[in-house]
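Below, each chain spelled out in residue letters.
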2 protein chains.
Amino acid sequence: MGLRKITRGGGSAIARIVGNTTKNFPNDFDPTVRMWVFDEIVGGEKLSDIINTRHENVKYLPGKSIPDNVVAVPDLIESCEDSNILVFVVPHQFVRKICHQLEGKLGSDVQAISLIKGLAAPYAEKLGGVKLISDEIKEILNIEVSVLMGANLAHEVANDSFCEATIGCKKKAQYGPLLKKLFNSDNFRINVVEDAHTVELCGALKNVVACAAGFTDGLGYGDNTKAAVIRLGLLEITKFVEYYYPGSNLSTFFESCGIADLITTCYGGRNRKVCEAYAKTGKSLAELEKELLHGQSAQGPLTADEVYFMTQRSGVSDMFPLFTAVHRICRGEMKPSDMISCLRSHPEQV
Amino acid sequence: MGLRKITRGGGSAIARIVGNTTKNFPNDFDPTVRMWVFDEIVGGEKLSDIINTRHENVKYLPGKSIPDNVVAVPDLIESCEDSNILVFVVPHQFVRKICHQLEGKLGSDVQAISLIKGLAAPYAEKLGGVKLISDEIKEILNIEVSVLMGANLAHEVANDSFCEATIGCKKKAQYGPLLKKLFNSDNFRINVVEDAHTVELCGALKNVVACAAGFTDGLGYGDNTKAAVIRLGLLEITKFVEYYYPGSNLSTFFESCGIADLITTCYGGRNRKVCEAYAKTGKSLAELEKELLHGQSAQGPLTADEVYFMTQRSGVSDMFPLFTAVHRICRGEMKPSDMISCLRSHPEQV
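Computed from a prediction, not measured in an experiment: that's the story for all the values here. Within every chain, residues take consecutive numbers counted from 1 along the sequence as written. The order in which chains are written sets their letters, starting at A; the order in which ligands are written sets their numbers, starting at 1. Local features in this predicted model are restricted to residues of pLDDT 70 or higher, and side-chain atom pairs are both shown and tallied only at a pLDDT of 80 or more, whereas totals for entire chains, interfaces and linings draw on every residue. The basis for every side-chain value is the complete set of heavy atoms in the structure, and neither hydrogens nor water enter the calculation.

Engineer: Would you take a moment to explain the pairing of strand 6 (residues 85-88) of chain B for this structure?
Structural biologist: Residue and element names in this part refer to chain B. When accessible area is computed with a 1.4 Å probe and restricted to protein chains, residues below 20% of their type maximum are described as buried, those above 50% as exposed, and intermediate ones as partly exposed. Helix and strand assignments follow DSSP, with helices taken as H or I runs no shorter than four residues and strands as E runs no shorter than two, numbered in order from the N terminus. The alternating pattern of strand 6 places Ile-85 and Val-87 on one face and Leu-86 and Phe-88 on the opposite face, and all of these are buried. Two strands pair under a simple rule: DSSP has to find at least two bridges between them. Across four bridges, strand 6 lies against strand 7 (residues 111-114) in parallel orientation. Residue pairing across strands places Val-87 opposite Ile-113, the latter belonging to strand 7. Handedness of a crossover is defined as follows: with both strands directed away from the viewer, a clockwise route from the first strand across the helix to the second makes it right-handed. On the question of chirality, the crossover connecting strand 6 to the parallel strand 7 by way of helix 4 (residues 95-102) is right-handed.

Engineer: Would you explain the side chain of A:Asp30 in this entry?
Structural biologist: All names here are of chain A. Assignment of secondary structure puts Asp-30 in the loop between helix 1 (12-24) and strand 2 (33-36). Overall, Asp-30 belongs to the buried group, its relative accessible area being 10%. By the criterion applied in these results, polar contacts are pairs of N or O atoms within 3.5 Å in which, for protein atoms, one can donate a hydrogen and the other can accept it, and in which residues neighboring in sequence qualify only through two side-chain atoms. A polar contact of 2.9 Å, which involves the side chain of Asp-30, links it to the backbone nitrogen of Thr-32.

Engineer: Even after reading the chapter, I still don't get the UniProt feature "domain: Glycerol-3-phosphate dehydrogenase NAD-dependent C-terminal" (unreviewed entry) in chain A, so can you show me in this structure?
Structural biologist: UniProt annotation of "domain: Glycerol-3-phosphate dehydrogenase NAD-dependent C-terminal" (unreviewed entry) refers to residues 195-340 of chain A when read in the numbering used here. Within residues 195-340 of chain A, the helical portion is 73% and the strand portion 0%, while the C-alpha atoms at the span's ends are 33 Å from each other. UniProt positions are given in the numbering used here, feature names are shortened, and annotations may be inferred rather than shown by experiment.

Engineer: Which parts of the structure should I look at to understand the packing of helix 9 (residues 196-218) of chain B against helix 14 (residues 299-313) of chain B?
Structural biologist: Residues and elements named next belong to chain B. Axes here refer to lines fitted to C-alpha atoms; in helices the fit is confined to the stretch in contact. Angles between the N-to-C directions go from 0 to 180 degrees. Two elements in contact, helix 9 and helix 14, have axes whose closest approach is 8 Å; the angle formed by their N-to-C orientations is 110 degrees. Compared by their axis directions, helix 9 and helix 14 come out roughly perpendicular. For the pair helix 9 and helix 14, the contacting residues are Ala-204, Leu-205, Asn-207, Val-208 and Cys-211 in the first and Gln-299, Gly-300, Pro-301, Thr-303, Ala-304 and Val-307 in the second. Across the contact of helix 9 with helix 14, the residue classes tally to seven nonpolar, four polar and no charged. With respect to orientation, any angle under 35 degrees is reported as roughly parallel, any angle over 145 as roughly antiparallel, any angle of 65 to 115 as roughly perpendicular, and every other angle as oblique. In what follows, residue pairs with any heavy atoms lying within 4.5 Å of each other are defined as contacts. Nonpolar residues are Ala, Val, Leu, Ile, Met, Phe, Trp, Tyr, Cys and Pro. Charged residues are Asp, Glu, Lys and Arg, and all others, Gly as well, are polar.

Engineer: Would you mind going over the relation of the copies chain B and chain A with me for this structure?
Structural biologist: Each of the two chain copies can be generated from the other by rotation about an axis followed by a shift along it. We place the copies in one frame by least squares, fitting the C-alpha atoms of every residue whose pLDDT is at least 70 in both. You can overlay chain B on chain A at an RMSD of 0.0 Å; the transform is a turn of 180 degrees with a shift of 0.0 Å along its axis. These values place the two chain copies in the arrangement generated by a two-fold rotation axis. Both copies share a contact surface, since 100% of the interface residues of chain B are interface residues in chain A too.

Engineer: In this structure, what is going on with the domain arrangement of chain A? I would like to understand it.
Structural biologist: All names here are of chain A. Segmentation of chain A into domains returns domain 1 (4-156) and domain 2 (198-345). Distance from the C-alpha centre of domain 1 to the C-alpha centre of domain 2: 26 Å. Taken together, the contact pairs 20 residues of domain 1 with 25 residues of domain 2. In total, about 1900 Å² of surface goes out of reach between domain 1 and domain 2, with carbon and sulfur atoms giving 66% of it. Basic side-chain nitrogens of Lys or Arg form a salt bridge, by our definition, when they fall within 4 Å of a carboxyl oxygen of Asp or Glu. Inspection of the domain 1/domain 2 interface yields one salt bridge. The salt bridge partner of Lys-117 is Asp-261, with a shortest N-O separation of 3.6 Å. The tally of links between domain 1 and domain 2 comes to four residue pairs in polar contact (both at pLDDT 80 or more). Elements with a contribution of two residues or more to the side of domain 1 that touches domain 2: helix 5 (124-127), helix 6 (133-141) and strand 10 (144-149). Per element, the largest residue contribution to the side of domain 1 that touches domain 2 is three residues, and it comes from helix 6. Here the side of domain 1 that touches domain 2 is built from residues that sort into 11 nonpolar, six polar and three charged. Domain ranges listed in this record stem from an automatic or a database domain assignment. When two parts are brought into contact, each loses some accessible area as probed by a 1.4 Å sphere; the total of that loss over both is the buried area.

Engineer: Whenever I open this one, the interface of chain B and chain A confuses me. Can you help?
Structural biologist: Quoted interface sizes are often the accessible area lost when the parts come together. Each side of the interface is counted separately: chain B has 46 residues, and chain A has 46 residues. The contact between chain B and chain A buries some 3800 Å² in all, and 56% of this surface belongs to carbon and sulfur atoms. In terms of surface lost to chain A, no three residues of chain B exceed B:Phe162, B:Asn224 and B:Phe254, which account for 21% of the buried area on that side. Where chain B packs against chain A, one counts four salt bridges. Residues A:Glu164 and B:Arg231 are paired through a salt bridge, measuring 2.6 Å at the closest nitrogen-oxygen approach. Breaking the side of chain B that touches chain A down by element, the ones donating at least two residues are helix 7 (154-158), strand 9 (163-168), strand 10 (188-193), helix 10 (223-244), helix 11 (256-268) and helix 16 (338-344) of chain B. It is helix 10 of chain B that provides the largest number of residues to the side of chain B that touches chain A, a total of 11 residues. When grouped by side-chain class, the residues that make up the side of chain B that touches chain A number 24 nonpolar, 12 polar and 10 charged.

Engineer: Help me understand the packing of aromatic side chains in this model?
Structural biologist: Within a pair of aromatic rings, the relevant descriptors are the distance that separates the centres and the angle that separates the planes. Only rings of Phe, Tyr and Trp enter the pairing, Trp through its six-membered ring, and a pair is recorded when the two centres are within 6.5 Å. The plane angle decides the type: under 30 degrees is stacked, over 60 is edge-to-face, the rest tilted. Applying the stated criterion to the full structure yields 16 aromatic pairs over all chains. Taking the centre distance of 3.5 Å and the plane angle of 5 degrees together, the rings of A:Tyr267 and B:Tyr267 count as stacked. Here B:Tyr267 lies in helix 11 and A:Tyr267 lies in helix 11 (residues 256-268), a pairing that spans two chains. For the pair A:Tyr267 and B:Tyr267, a shared accessibility class is recorded, and that class is buried. Through pairs of rings, three or more aromatic residues link up here, namely A:Phe240, A:Tyr243, A:Tyr244, A:Phe320 and A:Phe323. Our definition puts a charge over a ring when NZ of Lys or CZ of Arg is within 6 Å of the ring centre and also within 35 degrees of the ring normal. Above the face of the A:Phe25 ring, A:Lys181 is positioned so that its terminal group lies 5.1 Å from the ring centre. Just above the ring of A:Tyr267 sits the side chain of A:Lys226; from NZ or CZ to the centre is 4.0 Å.

Set out below in structure tokens:
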């Protein structure tokens, strides 16, 4: 394989991994990994300068060293120049803008892999269907786009705690082995599957289920109830995928991107946390994001809105009572305690 | 339907449920539910007398009232006389003895439902295969035996926390509706499936996976690692079921008895708890059961032994590295920390 360079913004946890794998496989990868950093001033210094001198992202991943072959680059175009693999790890609302900036600036033989969990629904109305973020990137840049999802809460990945992840790659035979090499390590075990749509939708929809789990946690229910939420949520995910992408493979749900990520997110994720507090305190979601997530946003309520927009438009909201209830509770149209009656009357209990 | 009576020993949490459902459906069930209680003296009184006067199992479920139509009966034969449905909720080592005592003493038109989670492996050698507890009951008593499994930790069921459960009933059309009626309530939602072997094996094998989850918890790993344990464990369960009972239905794993129970058990169950302490303290399992479980035993290490006996005999232990590792760690032949290398080299990571 020719040289490979990695460009990304955010996700220093992943930069630590690819920094090491690219060192380990010098025949496959250029040793320098360029990381696009949206620059900001931290303690009087530029964040990119701090990363390049101290090899630590003191703002977003303090205390964890980043390999010295990872170079922070504040200019987007420069960070991608001559790169063959672009790794997307940015908040999903920036994807479109970033892609438009890169349009026409990339070399040939470029592929991307997206780690972004969400849907690109603001554009769904025009398209009459779900828009995946990978499809959005693909359409603007006209390159092959794979996805990486899985049970990997960032702070645990950064602690080198053992975990797994799934790469969804439609051209598995062609691109799978190299992508696996790029991310696979002793503590970050990769499986590659072809069913990329399912992988990506699992990553997006699990955040909606995690909101439901947060509500029941906040209401004081225990592990039994949470297991029921996870089970019914998983069934709605399978149904959603089957409805909008018929022919998906049931075995994909047994990959890390499926049940495993769903479990992790429903126990340790930030959507669960915010929604638990929402049920307990009655404060607004915006307020709780500020208080609990230090400025990061919870993706679940947004995704629930997008999913509701989709299912209502298709006339099938009733097929997804848990997703719909999360949307309504987040919007203040239902109480968190209504989640229990949603579970009780769920059509999967036949 | 004719009269139905329920006989069981232990599991007062379930007695609370069937006490109420039988009251609610007087056309289907005899209003009196007889509960066999292995009598013991508690504070100078017989436990059965306490239950029948104070309507509370002060020893095993203190603080929770038992409906007054549930009558504790200390004599096994008497408790089952004229009963049409026997509900088995006893430690699995007593099943054989109890069934032999009941042999020839039951009326016609009797069916049983087992809530016991485990395998009857001591008899496997003769049979050359796994022996299910339901099959053991069936063979001795010559009656139809269904099973009830699911994500229902007893203390949460007793608190009327919302949960789900799965009934596995081979003659679903004939017996399913009545069994559902007997257990289903607002807070205990029942699905009935025909794939009873899978339901029962999920109930038994999840305890082995929970041991693995306990080890990684005890070693200080987080939710990512636990999600990987649950995922790989689930895959071994599906493989085990398929190997010993070919033709099982993948959708059964999406019932409460499958993923949901596995999750609950790996987060809130006693096998997890004991194995976490085992990894942390190095004390013996027997000692930890005494300390942490107040005399109850952890089923997981026993089931792991039984599973290992089976898979080794069939020459397929290598297909089940997680199950095998749990067996070896519980036996002291491997260290709890070896669980991580087992996860790292698991054949499902392809």
